[in-house]
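What follows is the residue order along each chain.
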Amino acid sequence: MNPARPVMLLALGQSGWEAELVAAVVARLSAVDVHRAVDVSNLLAATNETRPCVVVVDSDFPRLDAAVVAKLVDADVSLIGIAADPSGAARLEGFGIDLVVSVSVGDVGDAVGHICQHWAAVQADESAVESIEGQSGVGHGLRQVLADSGHQGSLVAVWGAPGAPGRTTIAVTLAQLLAQSGRDVLLADADSNAAGVGPMLCLEAEGSGMIAACHHAERGSLDAPTLARLARTIDDGFRVLTGISHVSRRAELRAAAMSRVWQVAGMLAEVVVADVGGCIDDGSLSLDADVANFGISTSGQSAAVTALGAADELVAVSSCEPTAVARLLSHLPTIRSLAPSARVHVVLNRVRAPIVRNQAAAEELRHFIESQTRSEHVVLVHEDRGTVDAAVVRGLTPFEHSRRSTIVRDVAGLCAGMQSPLVATA
């Protein structure tokens, strides 16, 4: 192999046209080292060894899934898909491959032409891309893939410091109020330690919508209609994607698939509210903890971390006890680093009457949290145990149980304070 020559990898299945296509590509690109991969392991090994500029993947390539495509993207190669039928093309598009060309037996000319044109465009752009990356100091590694998993709808990540601060209650109430404002809302339970949305709404017997969505994403078959079928309809414009039933299943929420789930969720709903859980297992949330498996197997927090990376708004929830506030202040910088594009709003939940009924004390507490967290907005939510308990017993949201309850009123203040396209300012 000549190391000075650029490399193209072909990952093709066993069909009636692959030999003709390989011969045509080799003939057209005589100055390029063109190699075929025989299986996924060979494809990934060759990618790491030869650093190809372009990888052509066939929809029928054995064991091709979302995780493999994500590893190729992480290796900073340009991908082009090739498919012999519409279902294969849809599968490749489901993996996030933007350029997919069609091919058929006895007629590979158009496909070869597209491949060669793409190769020429990649070669022409390579120097400009390197210059931009050199100036910004940012490549296309795993962090960038997660942060750039684009979506049309807005994503609100609701995170809570360890210690059961009432995060799920806030997330459910927030999602319901957003739906009542006329938005299409999807509430997704991404807590891989103790999923609470399903049990709270009596949906735990329905199976995990999140796991089913991840399995579809792995196969490249996840689209907006499929995700809509997997989600449970609570009310007009309000759907719920239930979480895992047991912590042992969180390994199924792999980072590559979860990144695709958030992307498709944004296509389905105007607002996606993600209940992301505590997110702190061992003090480490390194995204490259297990690069070989493109996941975060050491802590099992792929669902939460991918949601944070795609978030437009971060709602950090804490109860009002001094120890809980201390945990909030300790963990929030780490969580913010995982949500670089999100605006931060802090919710102090279960605030006792002596504080909320004393305007001076409430303002002093709010000012302290704002100064320590540099957040956009601090909301104090009154202790309203009666409403929350009554709603849980009946499998309802707090809004469904009592629209005029204290917790609903205070969370409505959070909606108004977001000052974003999500909700009109009150």
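For the structure itself, look to the data block above.
Parameters at a glance
Residues numbered from 1 in each chain as written. Predicted model: local features only at pLDDT ≥ 70, side-chain atom pairs only at ≥ 80, totals over all residues. Heavy atoms only, no water. Helix = DSSP H or I, 4+ residues; strand = E, 2+ residues; numbered from the N terminus. Buried < 20%, exposed > 50% of the residue type's maximum accessible area, 1.4 Å probe, protein only. Contact = heavy atoms within 4.5 Å. Areas by Shrake-Rupley, 256 points an atom, 1.4 Å probe, with all protein chains shown as cover. Pairing = 2+ DSSP bridges. Axes fitted to C-alpha atoms, helices over the stretch in contact; angles between N-to-C directions. Polar contact = N/O pair within 3.5 Å; in protein donor to acceptor, adjacent residues only side chain to side chain. Expected span 1.5 Å × (residues − 1). Bend = angle between axes of the 7 residues up to and from the residue. Salt bridge = Lys/Arg side-chain N within 4 Å of Asp/Glu carboxyl O. Right-handed = clockwise from strand over helix to strand, strands pointing away. Parallel < 35°, antiparallel > 145°, perpendicular 65-115°, else oblique. Nonpolar A, V, L, I, M, F, W, Y, C, P; charged D, E, K, R; others polar.

Participant: Any details on the overall build of the protein? Residues and values, ideally.
Facilitator: Helix and strand content of the protein: 18 helices and 13 strands. Out of the 426 residues belonging to the protein, those deemed buried represent 53%. Look at the contacts in the protein between residues 6 or more apart in sequence, and 77% of them connect residues 24 or more apart. Total accessible area on the protein stands at roughly 18,100 Å², and carbon and sulfur atoms take up 50% of it.

Participant: Outline the sheet that holds strand S13 (residues 377–382), supporting the account with residue identities and numerical values.
Facilitator: Taken in spatial order, the 8 strands line up as S8-S9-S7-S10-S6-S11-S12-S13 in an open sheet, and their pairing is mixed. Of all the strands in the sheet, the pair left with one neighbour each is strand S8 (232–235) and S13. The average undirected angle you get between the axes of adjacent strands in this sheet is 20°. The pairing of strand S7 (residues 185–189) with strand S10 (residues 271–277) spans 5 bridges and is parallel. When the sheet's bridge partners are listed, Asp189 is paired in S10 with Asp275. Running over the sheet, helix H7 (residues 167–180) touches strand S6 (154–160), S7, S8, strand S9 (238–241), S10, strand S11 (313–319), strand S12 (343–351) and S13 and is turned about 180° from S10. Running at roughly 140° to S13, helix H15 (residues 359–373) makes contact with S12 and S13 of the sheet.

Participant: So what's going on with the side chain of Asp410? Residues and values would help.
Facilitator: For Asp410, the location among the structural elements is in helix H18 (residues 406–417). Classification of Asp410 by relative accessible area gives buried; the value is 8%. A distance of 3.5 Å separates the side chain of Asp410 from the side chain of Arg409, its partner in a polar contact. Excluding its chain neighbours within four sequence positions, the residues that come into contact with Asp410 are Val379, Leu380, Val381 and His382.

Participant: Describe helix H13 (residues 322–338), listing the residues and the values that go with them.
Facilitator: Helix length check: H13 (17 residues) gives 25 Å between terminal C-alpha atoms against 24 Å at 1.5 Å per residue, within 8%. The axis of H13 is deflected most strongly, by about 40°, at Leu332, and proline Pro333 appears within four residues downstream. Buried residues of H13: Ala324, Val325, Leu328, His331, Leu332, Ile335 and Leu338, and no others.

Participant: Hey, could you go over the pattern of salt bridges for me, with residue numbers and the actual values?
Facilitator: Counting across every chain of the model gives 12 salt bridges. Here Glu321 and Arg352 are joined by a salt bridge, their closest N and O atoms 2.9 Å apart. Of this pair, Glu321 sits in the loop between S11 and H13 while Arg352 sits in the loop between S12 and helix H14 (353–356), placing them 31 residues apart in sequence. Taking relative accessible area as the criterion, Arg352 reaches 36% and is therefore assigned partly exposed. Close ionic contact of Arg385 with Asp389 constitutes a salt bridge, the shortest N to O distance being 3.8 Å.

Participant: Explain the pairing of strand S1 (residues 7–11) to me, and be specific about the residues and the numbers.
Facilitator: For S1, a buried count of 5 out of 5 residues is recorded, marking the element as mostly surrounded by other parts of the structure. Every second residue of S1 is oriented toward a common face, with Val7, Leu9 and Ala11 on one face and Met8 and Leu10 on the other, all of them buried. Where the polypeptide runs from S1 across helix H1 (residues 18–28) and back to strand S2 (residues 33–36), its parallel neighbour, the crossover connection is right-handed. Pairing geometry for S1 and strand S3 (residues 54–58), over 4 bridges, is parallel. From the neighbouring strand, Leu10 faces S3, where its bridge partner is Val56.

Participant: I'd like a rundown of the pairing of S8, residues and numbers included.
Facilitator: Bridge count between S8 and S9: 3 bridges; the pairing is antiparallel. Residue pairing for S9: Thr233 is matched across the bridge by Arg239. Counted along the chain from S8 to the antiparallel partner S9, the turn is 2 residues long, and its residue Gly237 has a positive phi close to 75°.

Participant: Got a sec to walk through unusual backbone geometry? Specific residues and values, please.
Facilitator: Within the chain, Asp76 stands out as a residue other than glycine whose phi angle is a positive 65°. As for its position among the elements, Asp76 is in the loop between helix H3 (66–74) and strand S4 (78–83). Of the residues examined, Asp76 reaches a relative accessible area of 43% and is grouped as partly exposed. One non-glycine residue with positive phi stands out, namely Arg374, at about 55°. If you trace the backbone, Arg374 turns up in the loop between H15 and S13. Owing to a relative accessible area of 62%, Arg374 belongs among the exposed residues under this scheme.

Participant: I'd like to hear about the packing of helix H2 (residues 40–50) against H3, residue by residue, with values.
Facilitator: Packing of H2 against H3 brings their axes to within 10 Å, and their N-to-C directions diverge by 10°. Considering the angle they form, H2 stands roughly parallel to H3. Along the contact surface, H2 presents Val40, Leu43, Leu44 and Thr47, while H3 presents Val68, Lys71 and Leu72. Taken together, the residues that form the contact of H2 with H3 break down as 5 nonpolar, 1 polar and 1 charged.

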